[in-house]
Amino acid sequence: GAGVSQTPSNKVTEKGKYVELRCDPISGHTALYWYRQSLGQGPEFLIYFQGTGAADDSGLPNDRFFAVRPEGSVSTLKIQRTERGDSAMYLCASSPGTDTQYFGPGTRLTVL
Amino acid sequence: DQQVKQNSPSLSVQEGRISILNCDYTNSMFDYFLWYKKYPAEGPTFLISISSIKDKNEDGRFTVFLNKSAKHLSLHIVPSQPGDSAVYFCAASSLRAGSYQLTFGKGTKLSVIP
């Protein structure tokens, strides 16, 4: 079956701009997660959705970051007033329950 | 403060031999552990997991061992194949505490030499 998909695969933007990153989870998976991975590091948790609601957003670094999942399927991670330090690989994962998470290919964000 | 540590940034193993990747954790609330494999420019791929109620889980060439008293787990790959060359991440979560986010180590780059 189809895995988690993320678009775009690469995004280059200028400092101060707004970006949206999209995640399509595996069909039927109720849980959806966003992580951010910087070079040489493991992925770091950003936010977790159970259905349409954000069950845990404790990993969002500041109020420039926001994510939605309005219909309980597709999710969008939104970053306002991007900074160079936001450059990273943004990973989305989905899960049928609460244990094993399946990751998408990621979106490489570069802020110039 | 890193709660999940993979102290070996890299490991080289001959094809056909055993690869042993190690992971230590500090948070005693962690009760579910996973190993992921990652190729460049791809997302992490789930390999194998283990619950804290077990001390061993096998899936084909992959076996994960958990030593709760030492807060240590390891992934054994036998026999190692060139296609196993990738970065391996150890991850943990606290399911009983209702914290489903994964905490990852920094990864170990495995190179399997033909």
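Residues numbered from 1 in each chain as written. Chains lettered and ligands numbered in written order. Predicted model: local features only at pLDDT ≥ 70, side-chain atom pairs only at ≥ 80, totals over all residues. Heavy atoms only, no water.

**Observations regarding the overall build of chain A**
Thinking step 1. Scanning chain A for helices and strands turns up zero helices and 11 strands.
Thinking step 2. For chain A, the sequential pattern of α-helices and β-strands runs β-β-β-β-β-β-β-β-β-β-β.
Thinking step 3. Relative to the 2.2 N^0.38 estimate, which gives 13 Å for 112 residues, the radius of gyration of chain A is 13 Å and therefore close to what a compact globule would have.
Thinking step 4. When burial is assessed residue by residue, chain A has 45% of its 112 residues classed as buried.
Thinking step 5. Within chain A, residue pairs in contact and separated by at least 24 positions form 51% of the contacts whose partners lie at least 6 positions apart.
Thinking step 6. On chain A, roughly 5,200 Å² of surface is accessible, and the fraction owed to carbon and sulfur atoms is 47%.
Thinking step 7. The averaged location of the 11 negative side-chain charges in chain A is 8 Å from the averaged location of its 11 positive side-chain charges. (Helix = DSSP H or I, 4+ residues; strand = E, 2+ residues; numbered from the N terminus. Rg over C-alpha atoms; globule rule 2.2 N^0.38 Å. Buried < 20%, exposed > 50% of the residue type's maximum accessible area, 1.4 Å probe, protein only. Contact = heavy atoms within 4.5 Å. Areas by Shrake-Rupley, 256 points an atom, 1.4 Å probe, with all protein chains shown as cover. Lys, Arg positive; Asp, Glu negative; His and termini not counted. Charge placed at Lys NZ, Arg CZ, Asp CG, Glu CD.)

**A few points about the side chain of Ser94 of chain B**
Thinking step 1. With respect to the helices and strands, the residue Ser94 of chain B is situated in strand E9 (residues 86-94).
Thinking step 2. Apart from residues lying up to four places away in sequence, Ser94 of chain B is in contact with Met29, Phe30, Asp31 and Ser99 of chain B.

**Some remarks on the pairing of strand E8 (residues 75-79) of chain A**
All names here are of chain A.
Thinking step 1. Burial analysis of E8 places four of its five residues in the buried class, the great majority of the element.
Thinking step 2. Pairing analysis gives five bridges linking strand E3 (residues 19-24) to E8, with the strands arranged antiparallel. The partner of Cys23 across the bridge, within E8, is Ser75.
Thinking step 3. Two strands pair when backbone bridges link them, and strand E7 (residues 65-68) and E8 are joined in this way by four bridges, in the antiparallel orientation. (Pairing = 2+ DSSP bridges.)

**Re unusual backbone geometry**
Thinking step 1. Note that the residue after Thr7 of chain A, namely Pro8 of chain A, is joined by a cis bond; omega there is -10 degrees.
Thinking step 2. Tracing the sequence through the fold places Pro8 of chain A in the loop between strand E1 (5-7) and strand E2 (10-13).
Thinking step 3. For the bond running from Val78 of chain B to Pro79 of chain B, omega is -10 degrees, close enough to zero to count as cis.
Thinking step 4. Along the polypeptide, Pro79 of chain B turns up in the loop between strand E8 (72-77) and E9.
Thinking step 5. Unlike most non-glycine residues, Arg81 of chain A shows phi in positive territory, near 45 degrees.
Thinking step 6. Relative to the elements of secondary structure, Arg81 of chain A occurs in the loop between E8 and strand E9 (88-95).
Thinking step 7. For Arg81 of chain A, a relative accessible area of 47% puts it in the partly exposed group.
Thinking step 8. Of note in this structure, Ala41 of chain B is not a glycine but carries a positive phi near 65 degrees.
Thinking step 9. Position of Ala41 of chain B among the secondary structure elements: in the loop between strand E4 (32-38) and strand E5 (45-51).

**Focus on the interface of chain B and chain A**
Thinking step 1. With 18 residues of chain B at the interface, the matching set in chain A holds 20 residues.
Thinking step 2. Surface buried jointly by chain B and chain A totals about 1,500 Å² across both partners, of which 61% is contributed by carbon and sulfur atoms.
Thinking step 3. Where chain B touches chain A, the interface holds five residue pairs in polar contact (both at pLDDT 80 or more).
Thinking step 4. Elements with a minimum of two residues in the side of chain B that touches chain A: E4, E5 and strand E10 (99-104) of chain B.
Thinking step 5. Partitioned by chemical class, the residues of the side of chain B that touches chain A number 11 nonpolar, four polar and three charged. (Buried area = accessible area lost by both parts, 1.4 Å probe. Polar contact = N/O pair within 3.5 Å; in protein donor to acceptor, adjacent residues only side chain to side chain. Nonpolar A, V, L, I, M, F, W, Y, C, P; charged D, E, K, R; others polar.)

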